[in-house]
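Structural overview
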Amino acid sequence: MRFSLITAAALLFAGQAIAAPTPVGDIVNALKDGGSEDSKSVPGERGFDFLGSGKAAAPVTRAQTAAPATQRRATARRAIDMRLEFALGSAELSDAARAEAQQFAAALKNPQLAGRRFTVEGHTDAIGDRAYNAELSRRRAQAVVDFLISEGVEAVRLQPAGYGYDRLRFPARPRDGGNRRVEISRRG
C-alpha cells in the first residue's frame, strides 16, 4: 500500500492526472451499433464522445460541454472522439492517451467487432498553416494506428487519415484545443 501512495503522489506532483480509461464494453457497443439515438448506454466522464460519420461534428455549446457525461446522449453518428491527448504541435501519445488507446485496442480485438474495418482520423486546431496541420493530423492518426497495431489489432483493419483543420469540432473557435483530436469511425 505504501508504494501505491508514493506512486500516486509522485504522479500527482508531476502534474499527470490519474484517470480511469474508458470501459472496453462501452467502446465495443458504440462501434458495434454506431451509438444509435435510442442507446441508453452513455460512457463515463473519461470516455469517448460520439460525433459523426463523414461530416464535421456539430459545434458543442458551453452548456453541453459543462454537462456531466452521464447527462449526454449518444447520437446516431458512427464516429467517436477517442479523447487522446496530444501536446501542441506533437504527434506523440501522452501516457493518458496510451492508456485510453489500449482500451480501444482491446475493444477492436473483441469478437463482436471481428472483421470490421475502421478509419482513424486525425484533426488539428487552426493554429499554423494548412499544410503543416494536414501533415500533423496525418502523423497523429498514424501514431494511433501504429499503437493499435502494436497492441495486436490487425493492420488491414485500420486506415489512417489526416484532415488538418478542415473538420473543426468547434468552428466558432478554430484555435480551441478541443479541435485537436483523433476520431475512429467504422468503414464496414
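Residues numbered from 1 in each chain as written. Predicted model: local features only at pLDDT ≥ 70, side-chain atom pairs only at ≥ 80, totals over all residues. Heavy atoms only, no water.

**Structural notes on the overall build of the protein**
When its secondary structure is counted, the protein shows five helices and five strands. The order of helices and strands in the protein, counted from the N terminus, is α-α-β-α-β-α-β-α-β-β. In the protein, 80% of the contacts between residues at least 6 apart in sequence involve partners at least 24 apart. Of the roughly 9900 Å² that the protein leaves accessible, carbon and sulfur atoms contribute 55%. (Helix = DSSP H or I, 4+ residues; strand = E, 2+ residues; numbered from the N terminus. Contact = heavy atoms within 4.5 Å. Areas by Shrake-Rupley, 256 points an atom, 1.4 Å probe, with all protein chains shown as cover.)

**Notes on the nonpolar core**
With 27 residues, the main nonpolar core has L84, L108, V120, V144, L148 and I184 as its most contacted residues. Looking at which element gives the most residues to this core, the answer is helix α4 (residues 95-108), with six residues. Ignoring any residue separated from it by four or fewer positions in sequence, one finds V120 in contact with A141, V144, V145, L148, L158, Q159, P160, A161, V182, E183 and I184. (Core = buried A, V, L, I, M, F, W, Y, C linked by side-chain atoms within 4.5 Å. Buried < 20%, exposed > 50% of the residue type's maximum accessible area, 1.4 Å probe, protein only.)

**A closer look at the pairing of strand β5 (residues 181-186)**
With six of six residues buried, β5 is to be regarded as a mostly interior element. Going residue by residue along β5, you find R181, E183 and S185 tucked away on one face and V182, I184 and R186 tucked away on the opposite face as well. Relative to β5, strand β2 (residues 79-81) runs antiparallel, the two sharing three bridges. Looking at the pairing, A79 lines up with S185 of β5. Pairing analysis gives six bridges linking strand β3 (residues 118-123) to β5, with the strands arranged antiparallel. Bridge pairing in β5 places V120 opposite I184. (Pairing = 2+ DSSP bridges.)

**Quick word on the environment of V144**
By secondary structure assignment, the location of V144 is in helix α5 (residues 130-150). For V144, a relative accessible area of 0% corresponds to the buried category. Linking V144 and A97, residues 47 residues apart in sequence, is a C-alpha distance of 9.3 Å. Contacts of V144, omitting those with residues within four sequence positions, involve M82, L84, F86, L93, V120 and V182.

**A few points about the packing of aromatic side chains**
A full pass over the atoms with the stated rule returns zero aromatic pairs. Across the ring face of Y163, the terminal group of R167 is positioned such that the distance to the ring centre comes to 3.8 Å. For R173, the ring lying beneath its charged end belongs to F170, and the centroid distance is 4.5 Å. (Phe/Tyr/Trp six-rings, centres within 6.5 Å; stacked < 30°, edge-to-face > 60°. Lys NZ or Arg CZ within 6 Å of the ring centre and 35° of its normal.)

**A look at unusual backbone geometry**
One non-glycine residue with positive phi stands out, namely R83, at about 55 degrees. Assignment of secondary structure puts R83 in the loop between β2 and α4.

**Points about the pairing of strand β4 (residues 158-162)**
In the sheet, β3 pairs with β4 via five bridges, with the strands oriented parallel. Among the inter-strand pairings, E121 is bridged to a residue of β4, identified as A161.

**With respect to the pattern of salt bridges**
Between side chains of opposite charge, a pair can form as their charged atoms come close. One pass over the structure, following the stated rule, counts seven salt bridges. For R180, the salt bridge goes to D125, with nearest N and O atoms at 2.7 Å. Here the residue R180 occupies a position in the loop between β4 and β5, and D125 occupies one in the loop between β3 and α5, the gap between them amounting to 55 residues. A salt bridge links D176 to R173, with the nearest nitrogen and oxygen atoms 2.9 Å apart. On the accessibility criterion, R173 (33% relative accessible area) is partly exposed. (Salt bridge = Lys/Arg side-chain N within 4 Å of Asp/Glu carboxyl O.)

**Looking at the environment of R139**
Among the structural elements, R139 can be located in helix α5. On the basis of relative accessibility, which here comes to 35%, the residue R139 falls in the partly exposed class. For the pair R139 and A91, spaced 48 residues apart in sequence, the C-alpha to C-alpha distance is 5.8 Å. Here R139 is in contact with G89 and A91, once residues within four sequence places are set aside.

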